[in-house]
Amino acid sequence: MATPSPTTFSQPFNFFKDVRRTTLKTSTIFGPKLKSGEIEHTHLRLLTFFKTGPRLELKASKEPPGLTQQLDNSRLESLAETENVCDFFEDLKHRFLRFKKRKFKENLEHFQNLAQGQAPKFMIIACADSRVCPSNILGFQPGEAFVVRNIANLVPTFESGPSETNAALEFAVNALKVENILVIGHSRCGGIRALMSMQDEEDSSFIRSWVVVGNNARLITKSAASNLSFDQQCRHCEKESVYHSLSNLLTYPWIEEKVARGELFVHGGYYDFVECTFEKWTMDYEGGNLQKNSRFAVKNQFYWC
Ligand SMILES: [Zn+2]
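Rules behind the numbers
Residues numbered from 1 in each chain as written. Predicted model: local features only at pLDDT ≥ 70, side-chain atom pairs only at ≥ 80, totals over all residues. Buried ≥ 20, exposed ≤ 12 C-beta atoms within 10 Å, placed from the backbone. Helix = DSSP H or I, 4+ residues; strand = E, 2+ residues; numbered from the N terminus. Pairing = 2+ DSSP bridges. Axes fitted to C-alpha atoms, helices over the stretch in contact; angles between N-to-C directions. Parallel < 35°, antiparallel > 145°, perpendicular 65-115°, else oblique. Contact = placed C-beta atoms within 7 Å. Nonpolar A, V, L, I, M, F, W, Y, C, P; charged D, E, K, R; others polar.

## Brief notes about the pairing of strand β3 (residues 180–186)
Among the 7 residues that make up β3, 6 are buried, leaving the element largely enclosed by the rest of the structure. Inspection of the sheet shows strand β1 (residues 122–127) paired to β3 by 5 bridges, in the parallel sense. For phenylalanine 122, the partnering residue across the bridge sits in β3 and is asparagine 180. Strand direction decides the pairing type here: β3 and strand β4 (residues 265–272), joined by 7 bridges, are parallel. Within β4, the residue paired with leucine 182 across the bridge is histidine 267.

## Let's talk about the packing of helix α10 (residues 190–197) against helix α13 (residues 230–249)
In the contact formed by α10 and α13, the axes pass within 9 Å of each other and the chain directions differ by 110°. Looking at the two axes, α10 sits roughly perpendicular to α13. Contact with α10, carried on its side by Ile192, Arg193, Leu195 and Met196, involves Gln233, Cys234, Cys237, Glu238 and Ser241 of α13 and no other residues of that element. For the contact of α10 with α13, a count of residues per class yields 5 nonpolar, 2 polar and 2 charged.

## Observations concerning the pairing of strand β5 (residues 277–283)
Note that β4 and β5 share 6 bridges and pair antiparallel. Its bridge partner lying in β5, tyrosine 270 is registered against glutamate 279. In this structure, β5 lies alongside strand β6 (residues 298–304), joined through 5 bridges in antiparallel fashion. The residue of β6 that forms the bridge with methionine 283 is valine 298.

Structure representation (structure tokens):
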């Protein structure tokens with residue numbers, strides 16, 4: 001059996017490969033509670049442990065693998081604290097196997113086709129908020145939607161430079177040739193709250209640096225809804241920011257061209273998870289009369305409740 005080199009511990013993929021080769025040592029690492037053969041548990045424990053023990057990870061990159069045998073009792077206690085996390089991963093394992101049995105295997109031909117390539121009709125831009133998963137609330141199935149999620153479902157302008165959101169847009173529009181882009185805002189959005197709470201003075205946090213993308217929506221909200229409570233202003237801005245994101249989409253020349261030719265449609269959505277309602281509208285680009293940063297006409301507006 002090959003001995004992993006010390007440096008492999010700082011490289012996740014090699015790390016797991018090497019863990020597999022050194023499974024026999026896991027009883028030394030994790031004590032007698034771990035039965036031999038519990039490979040999956042071993043990986044999970046190691047994953048969790050290395051996530052929660054950065055100092056050991058750093059040390060492991062410098063010392064030979066034998067250091068794992070030197071774990072003291074306090075570190076073993078910290079492993080015990082990860083039991084709940086392991087239980088959760090056990091739950092995830094069952095969910096995955098259920099998906100494989102009930103969806104993948106029962107629709108094998110569909111998934112085999114998907115394995116050859118994807119041709120989604122939709123690109124979705126949604127908030128990273130754990131309560132607003134588009135696949136969950138709108139039932140998108142694998143292969144149906146190319147999804148990017150970010151704080152407050154914002155779309156930066158073309159001029160603002162590269163970001164993961166416009167990289168995803170470029171791929172979805174130019175390579176996948178999606179026919180629809182749907183930006184979904186939602187109720188009680190923490191990102192919009194951060195945007196609305198933002199002070200004019202500089203703040204170097206990553207969150208502030210990102211949500212400032214929606215600053216125009218914030219300014220319009222502050223101006224149009226100044227008589228409302230802060231919570232109501234946030235709700236107003238949650239929708240206003242979607243309008244601004246849709247406008248920002250048109251700052252990308254390759255998006256505007258397709259919209260003008262009727263090859264691509266841009267939609268807004270708003271999911272209220274308090275009342276469980278969904279509003280949907282489509283940008284009306286007829287005549288190309290959209291002025292930059294102006295409010296555009298909408299069509300096909302629906303309210304699902
Ligand atoms: Zn949000």
